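# Descriptive analysis of the structure
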Amino acid sequence: MRWDWTIARQTGRSLGDRGIDAWGLFAVQSISLSDTGWKPRLTSHVDIASGDAAPEDGRLQTFHPLYASSSYLGESQFLGLSNLLLVAPGLSFSPGRNTTLSFEYGHARRLDTRDAAYAGGMRPYAGTQAVPGRHIGNLARLTTSWTPSDWWSLNLNLEHLETGRVLKTAGFRSGTQAQLTATYRY
């Protein structure tokens, strides 16, 4: 069994002297089904981060992810880590000593219906703060990695966001992103 959990709390005062009281929980876990063959693993990750529209006491409650657990240049960032509940079960395989393949399918909801749904980089989806509902969408992700040597690796990331009620009502459509990267370590 593997797990990597992070709990973060942001508190203090902003430059405009507004109070800050935000939080986030990010949990990645997996369990091995077999140590032979393709070495299948059941995986899951859960991202939960606070959001706010207009709290009564004036404190900012939108979580600000200073550093995400995902790659800066990797994932398409359809979903930002603010005002979010994402539950994504999956399955991963290692068909060869230097190759990994994983698939996950996540269900994304916003916690505060008065706040926007966010894309990566803290960019709110325009108009989502004014629409009802919690379901942002469903995110399918396929990733694969091949490391032929200690110095080189190739990674492929495919993602598809199927819009849910919040994004559809605000006028957004589903989207797909593909990315191929090569890394050389020296």
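Right above here is the structure, for reference.
Now for a look at the structure at hand.

How each quantity is defined
- Residues numbered from 1 in each chain as written.
- Predicted model: local features only at pLDDT ≥ 70, side-chain atom pairs only at ≥ 80, totals over all residues.
- Heavy atoms only, no water.
- Core = buried A, V, L, I, M, F, W, Y, C linked by side-chain atoms within 4.5 Å.
- Buried < 20%, exposed > 50% of the residue type's maximum accessible area, 1.4 Å probe, protein only.
- Helix = DSSP H or I, 4+ residues; strand = E, 2+ residues; numbered from the N terminus.
- Contact = heavy atoms within 4.5 Å.
- Phe/Tyr/Trp six-rings, centres within 6.5 Å; stacked < 30°, edge-to-face > 60°.

A word on the nonpolar core. Within the largest apolar cluster, 19 residues are counted, with the highest numbers of intra-cluster contacts made by Phe78, Leu79, Leu84, Ala108, Tyr125, Ile136 and Leu161. Elements with a contribution of two residues or more to this core: strand 2 (19–32), strand 4 (84–96), strand 8 (135–146) and helix 1 (165–169). Excluding its chain neighbours within four sequence positions, the residues that come into contact with Ala108 are Leu79, Leu84, Leu85, Leu86, Arg134, His135, Ile136 and Gly137.

Counting across every chain of the model gives five aromatic pairs. Between Trp38 and Phe93, the ring centres sit 6.0 Å apart and the planes meet at 75°, which makes this aromatic pair edge-to-face. Taken as a pair, Trp38 in the loop between strand 2 and strand 3 (41–49) and Phe93 in strand 4 lie far apart in primary sequence, 55 residues in all. The interplanar angle of 75° and the centroid separation of 5.0 Å between the aromatic rings of Tyr125 and Phe172 together place this pair among those described as edge-to-face. Of this pair, Tyr125 sits in the loop between strand 7 (123–124) and strand 8 while Phe172 sits in the loop between helix 1 and strand 10 (175–184), placing them 47 residues apart in sequence. Owing to a relative accessible area of 12%, Tyr125 belongs among the buried residues under this scheme. Owing to a relative accessible area of 29%, Phe172 belongs among the partly exposed residues under this scheme. Grouping aromatic residues by their ring pairs yields a cluster made of Trp152, Tyr184 and Tyr186.

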